[in-house]
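So the chains spell out like this:
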Amino acid sequence: MVVKPKNQRLVLLLLAVVAVLGAVLLAMSAMRDQASFFYAPADVARKGLPLDRAVRIGGMVRQGSIRRHADGVTIDFVVGDDTPATIPVLYTGITPDLFQENSGVVAEGRFRPDGTFVASEILAKHDENYMPPQLGERGLHKTESLE
Amino acid sequence: MIAEGGLAALWLAAALSLLQLFLGAAALRPGGETLLRIVRPVAVAQGVLAAVAFLALIWLFLRTDLSVELVAANSHSAKPWLYKFAGAWGNHEGSMLLWITILAVAGAAVALLERRLRQDTLIATLAAQAAIGLGFYVFLLFASNPFTRLSPTPVEGNGLNPLLQDPGLAFHPPTLYFGYVGISIAFSFAVGALVTRDVGPAFARAMRPWVLAAWIFLTLGITAGSYWAYYELGWGGWWFWDPVENASLMPWLAATALLHSVTVLATRDGLRAWTVMLAVVAFSMSMIGTFLVRSGILTSVHAFAVDPQRGAFILVLLLFYIGGALALFGLRIGTVKEGSRFDFVSREGALVVNNLLLSAILGIVFVGTLYPLAVEAVTGEKLSVGPPYFNSAAGPIALLLVTVMGMGALLRWRRDDLGALVRRIAVPILICAAALLLVVLLAPGIGVLPLLGLTLAAGVGAASLAPLWKRNLRRTPLFIWGMVVAHFGIAVSLAGMASESAFTRETLVAAQPGQVMNVGPWSVRFAGVEPVAGPNWTAIEARLTARRGGGGSFELRPQARMFSSPPTPTSEAAIATVWNGQLYVAIGEPDEQGRWQLRLWWKPWVTLIWLGGGLVALGGLLALIGRLRREHRIPARTEEAIA
């Protein structure tokens with residue numbers, strides 16, 4: 001690369017700006033795909049099913065909805081929020097220590113066309129007061145710390 | 001009295017930091033030279049007092065003095081002593097006290113040890129360090145006092161979050177903090193050099209060991225945190241792109257860039273303004289990390305406080321320091337002369353590319369971590385940015401960066417020839433091709449990213465050793481060894497990551513006692529469960545025996561624990577480590593038929609991830625020792641050291 005020595009500082013500066021701007025643009029475009037990474041039941045009702053990608057859902061596990069399947073490792077349950085909307089969830093795996101009915105849950109996975117969410121992972125809560133930040137302000141649960 | 005003594009030490013340290021700031025400012029004025037000799041002892045005394053306050057807090061925790069609010073809220077008399085000790089920083093106030101203690105001790109270390117820096121720049125540096133300290137002392141004393149008494153004294157404390165009750169707590173936070181806060185030295189150096197217009201190679205040589213030291217701790221802290229999350233959370237993952245992880249990654253990225261640009265400045269007197277800027281950015285990232293983690297903006301095991309007043313306080317401090325440094329930078333950067341020039345194909349050129357790519361990754365992580373918070377603050381809309389974003393945006397750039405790393409170390413300073421470079425990396429390229437062929441043949445159907453990762457790891461591993469080629473190994477300077485080991489560590493870590501993501505095997509079953517399961521090459525027999533008890537928990541422990549081929553057997557005992565105070569269930573995974581990977585077992589719940597959920601992973605070469613991290617830190621240590629030894633031999637500046 002031939003750069004006039006006189007302009008080297010300018011070229012370096014421009015390169016730096018281009019690199020950082022490029023990174024931010026790349027980030028923004030990747031973000032656009034991700035913008036709706038998190039779905040609460042009400043969002044699914046409003047925006048429709050995101051069938052083309054992996055997403056996260058979150059809400060409250062409905063009372064009495066956890067059912068264990070015969071294989072011993074699969075469960076299904078219903079996630080709701082403060083609207084009438086609900087999401088049926090299917091999960092194969094070990095549930096986190098604090099996974100229980102009437103408590104917050106965040107799951108990662110994909111929707112099936114029939115509306116069932118097949119979770120690949122249920123994110124653990126770190127303590128009994130933990131609430132996904134996305135739900136904290138919806139009046140479902142008080143977000144508090146360990147103190 | 002211990003609490004009062006600690007509090008008094010803290011107030012005195014705060015007062016000394018104010019004094020240090022004023023003395024420093026006065027000493028820089030014409031005629032203020034006589035004040036020079038006082039600034040150093042003041043900085044040392046401030047460090048000692050902060051350390052005394054911190055030791056007082058540890059003492060209170062060890063004694064479980066429940067008349068202190070912080071101890072009552074976060075400790076318990078039945079806790080093992082290690083967690084009483086480490087629990088001193090397992091809470092908001094204690095961790096902030098640790099933060100400020102490291103800041104003050106680092107300042108004292110600069111005052112005691114730094115001999116190469118120009119005298120006035122050193123004074124300005126210590127003043128800048130005092131200015132940072134002052135803000136955080138005020139924060140601690142007025143918004144997060146760790147020594148507040150509680151009346152009446154409760155009978156028993158609340159206990160420590162069981163997830164934190166792990167030997168990792170004794171190691172991970174202090175190490176990470178040493179790195180986080182150690183970067184403040186680089187920041188203060190940069191501010192000091194801007195104030196006294198001293199940005200040049202001598203300044204860079206003086207700053208480099210401090211940057212290296214902080215960076216070593218940061219590397220170790222992140223590596224330890226990753227391994228802790230891996231075995232404690234029981235999800236089998238080692239990096240989650242969680243905002244608190246990103247909060248530690250961002251300063252590391254900036255510090256890594258700084259480490260390389262400061263070398264250009266020290267060796268070739270290039271990249272002056274850029275290096276100063278990076279020092280400011282690196283510590284800004286540390287403070288942003290502190291803000292993210294400690295303000296309660298994020299809900300996580302790291303967020304101890306949700307008091308909005310505290311978050312706002314840290315935010316104001318952060319804006320003040322970053323804004324101030326940037327304003328100084330803007331005012332003074334015109335006076336920083338352009339450094340020497342170089343060809344694009346040269347060691348400098350490669351280091352510039354390294355810096356640009358690291359900055360790009362930093363930008364991506366920064367946007368992904370903070371953009372959702374900003375959007376939420378402005379519009380109230382909730383965004384959640386997850387691993388797919390970070391992997392797809394930062395992954396390719398990271399692979400490119402590793403490639404450049406392999407070539408850069410083989411380039412000469414100032415100017416080099418592309419043809420010569422190609423000849424030098426011919427062998428690594430061949431190794432790359434061989435690895436590609438081997439992986440495709442042995443593991444057909446492997447994903448693109450892991451394939452690239454493994455191939456690159458082989459080539460870059462070879463290329464990073466190449467600087468030793470045809471050298472007399474005995475006479476190779478230690479800092480060259482440091483670079484080689486650190487770069488090789490990156491390749492090792494990359495191989496571990498690629499291997500983990502490509503070859504992990506998982507089995508999930510509800511098993512009856514006596515049942516035999518298979519995962520990867522292992523056959524694992526589940527004998528049954530037994531109740532066990534620890535000092536402050538009870539648990540169900542599964543007994544498993546793992547066997548591979550005709551080899552010996554391993555006992556695995558994963559537990560489902562129930563802690564008594566506070567009552568919390570946790571899962572303790574069991575891990576068997578063999579030379580080529582780890583077998584990882586977690587226990588779930590029982591069902592009515594007497595079956596237990598068991599999740600087993602075979603993760604080939606996963607240990608390389610952390611081994612690589614350790615090598616990177618070791619490389620840093622070798623470079624640090626090598627640099628210090630060499631600097632020692634070059635006579636220090638002629639100015640008389642004052643203290």
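The structure reproduced in this document is the subject of the present report.

The rules we used
Each chain carries its own residue numbering, running from 1 in the written order of its sequence. The order in which chains are written sets their letters, starting at A; the order in which ligands are written sets their numbers, starting at 1. Restriction of local features to residues with pLDDT of at least 70 applies here, the model being predicted, together with a cutoff of 80 or more for giving and counting side-chain atom pairs; totals for whole chains, interfaces and linings are based on all residues. In DSSP terms, a helix is any run of H or I states spanning at least four residues, a strand is any run of E spanning at least two, and both are numbered starting from the N terminus. Neighbour counting defines burial: a residue surrounded by 20 or more other C-beta atoms within 10 Å of its own C-beta is buried, one with 12 or fewer is exposed, and intermediate counts give partly exposed, using backbone-placed C-beta atoms. By definition, two strands form a pair when at least two bridges between them are found by DSSP. Each helix should span, by expectation, one fewer than its residue count multiplied by 1.5 Å. Here the contact rule is simple: place C-beta atoms from the backbone, and any two residues whose C-beta atoms are within 7 Å are in contact. Between the N-to-C directions of two axes lies an angle of 0 to 180 degrees, each axis being a line fitted to C-alpha atoms and, for a helix, fitted only over the stretch in contact.

On to unusual backbone geometry. Backbone geometry follows two general trends: most residues other than glycine have a negative phi, and most peptide bonds adopt the trans configuration. Residue and element names in this part refer to chain B. Residue Pro152 is reached from Ser151 by a cis peptide bond, and omega for that bond is -5°. Checked against the element boundaries, Pro152 lands in the loop between helix 6 (119-143) and helix 7 (168-196). One non-glycine residue, Thr64, lies in the positive phi region at around 50°. Here Thr64 is to be found in the loop between helix 2 (36-63) and helix 3 (69-74). For Trp605, which is not glycine, the phi dihedral falls at a positive 65°. Topologically, Trp605 is positioned in the loop between strand 10 (596-604) and helix 18 (607-633). For Trp605, a count of 21 C-beta atoms within 10 Å puts it in the buried group.

Residue and element names in this part refer to chain B. Pairing of strand 2 (residues 516-519) with strand 3 (residues 522-533), which is carried by four bridges, proceeds in the antiparallel orientation. In the sheet register, Asn518 faces strand 3, and the bridge partner there is Ser523. Here strand 2 folds back onto strand 3 in antiparallel fashion, the turn holding two residues, of which Gly520 has a positive phi close to 55°. Looking at chain direction, strand 3 and strand 4 (residues 537-548) are connected through eleven bridges and run antiparallel. Opposite Ala533, over in strand 4, you have Thr538 as the bridge partner.

All names here are of chain B. In this fold, Thr568 is placed in strand 7 (residues 567-572). The class of Thr568 is buried, set by 21 C-beta atoms lying within 10 Å. C-alpha of Thr568 to C-alpha of Gly514: the two residues are 54 residues apart in sequence and 30 Å apart in space.

This part covers helix 5 (residues 92-113) of chain B. For helix 5 of chain B, with 22 residues, the first-to-last C-alpha span of 31 Å sits near the 32 Å given by 1.5 Å per residue. Most of helix 5 of chain B is tucked away: 19 of the 22 residues are buried.

Time to look at the environment of Ile58 of chain B. Residue and element names in this part refer to chain B. Checked against the element boundaries, Ile58 lands in helix 2. What makes Ile58 partly exposed here is the crowd of 19 C-beta atoms within 10 Å. With 27 residues separating them along the chain, Ile58 and Phe85 place their C-alpha atoms 6.0 Å apart. When neighbours within four sequence positions are excluded, Ile58 is seen to be in contact with Phe85 and Ala88.

So, about the sheet that holds strand 9 (residues 581-590) of chain B. Residues and elements named next belong to chain B. The four strands are arranged 1-10-9-8 in an open sheet whose pairing can be described as antiparallel. Among the strands making up the open sheet, the edge pair consists of strand 1 (505-511) and strand 8 (574-578). Pairs of neighbouring strands in the sheet enclose a mean axial angle of 15°, with direction left out of account.

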